[in-house]
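The chain contents come next:
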Amino acid sequence: TVATTASVTTAASGTTSTVATTASGTTAASGTTSTVATNATGSCYNMTSHQVTCGILQSDCGKYWYPQNYRNKNTGCCHCKEGCTEIKASCKYNDVGSCYTMSTHKVSCNVMLTACSGNGVFWYRQDYRSTRDGCCHCQQGCTNILASCSYYDQSAASTSTLPAAKRPE
């Protein structure tokens, strides 16, 4: 199996990281010893921020790493859409969100993390709220829909153009 990578800038944290998009291997989220291919990716839970990051190598995560297709025992949902064998409309995936392109001032909704990359391109996780107005970029995945907000996925097309002076925060 060959792993492919993409350079991704996550706007909420301002960090750029290399994310592997395909992998092979097995592991156990229970903390038991297992064999993992050096290029196997999964999800990593951060105890401080309580956020899950997808496409992370086990060696880059530590104790709270989960293999692709891991399902939350309470919801039955995978952490990440990529690698999940059963996609459910009721689930919120940590690798699906909105993508903002500075050169065109467009926001696209329901975009995989690995598909949103390049210079001047920023990815935001679902339910991210702008510091400017407290609104989510997209209605899909937003846990608090407000009548006062406009959502980029509620237009005729799933991509909307922002005024040149306005950049999502």
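Attention in this report is confined to the structure presented alongside it.

1. Regarding the overall build of the protein chain
The helix and strand tally for the protein chain stands at zero helices and nine strands. Mapped in sequence order, the helices and strands of the protein chain form the string β-β-β-β-β-β-β-β-β. For the protein chain, the residues scored as buried account for 35% of the 169 residues in total. Partitioning the contacts of the protein chain with sequence separation of at least 6, the portion at a separation of at least 24 is 39%. A total accessible area of about 9400 Å² is found for the protein chain, and carbon and sulfur atoms account for 50% of it.

2. Overview of unusual backbone geometry
Notably, asparagine 69 is not glycine yet its phi reads approximately 75 degrees, a positive angle. Within the fold, asparagine 69 resides in the loop between β5 (65-67) and β6 (96-101). For asparagine 110, which is not a glycine, the phi torsion comes out positive at approximately 60 degrees.

3. Digging into the pattern of salt bridges
Note that side chains of opposite charge can pair when their charged atoms are close. Tallied over the full model, the rule gives one salt bridge. Between aspartate 127 and arginine 129 there is a salt bridge, with the nearest N and O atoms lying 3.0 Å from each other. On the accessibility criterion, arginine 129 (26% relative accessible area) is partly exposed.

4. A few points about empty space enclosed by the protein
This structure, assessed with the given rule, holds three cavities of 30 Å³ or more. Here the second largest cavity is characterised by a volume of approximately 100 Å³. Along its surface, the second largest cavity is lined by 14 residues, and Gly97, Ser98, Gln126, Cys138 and Gln140 are the ones closest to its centre. Broken down by class, the residue content of the lining of the second largest cavity amounts to six nonpolar, six polar and two charged.

5. Observations concerning the nonpolar core
Grouped together as the largest cluster of nonpolar side chains are eight residues: Tyr100, Val107, Cys109, Phe122, Tyr124, Tyr128, Cys138 and Tyr152. Of all the secondary-structure elements, those providing two or more residues to this core are β7 (106-112) and β8 (121-125).

6. Notes on the packing of aromatic side chains
Within this structure, the stated rule accounts for three aromatic pairs. On the basis of an interplanar angle of 80 degrees and a centroid distance of 6.3 Å, the ring pair of tyrosine 45 and tyrosine 64 is categorised as edge-to-face. Taken together, the positions of tyrosine 45 in strand β3 (residues 41-45) and tyrosine 64 in the loop between β4 (52-57) and β5 put the pair 19 residues apart, joining distant regions of the chain. A centroid spacing of 4.5 Å and a plane angle of 35 degrees characterise the contact between tyrosine 66 and tyrosine 70, whose relative ring orientation is tilted. Using a relative accessible area of 13% as the deciding quantity, one classes tyrosine 66 as buried. For tyrosine 70, a relative accessible area of 25% gives the class partly exposed.

What counts and how
Residues numbered from 1 in each chain as written. Predicted model: local features only at pLDDT ≥ 70, side-chain atom pairs only at ≥ 80, totals over all residues. Heavy atoms only, no water. Helix = DSSP H or I, 4+ residues; strand = E, 2+ residues; numbered from the N terminus. Buried < 20%, exposed > 50% of the residue type's maximum accessible area, 1.4 Å probe, protein only. Contact = heavy atoms within 4.5 Å. Areas by Shrake-Rupley, 256 points an atom, 1.4 Å probe, with all protein chains shown as cover. Salt bridge = Lys/Arg side-chain N within 4 Å of Asp/Glu carboxyl O. 1 Å grid on protein atoms, 1.4 Å probe; cavity = no way out; pocket = protein on both sides within 12 Å on 5 of 7 lines; lining within 4 Å. Points joined across faces, edges and corners; volume = space filled by probe spheres on them. Nonpolar A, V, L, I, M, F, W, Y, C, P; charged D, E, K, R; others polar. Core = buried A, V, L, I, M, F, W, Y, C linked by side-chain atoms within 4.5 Å. Phe/Tyr/Trp six-rings, centres within 6.5 Å; stacked < 30°, edge-to-face > 60°.

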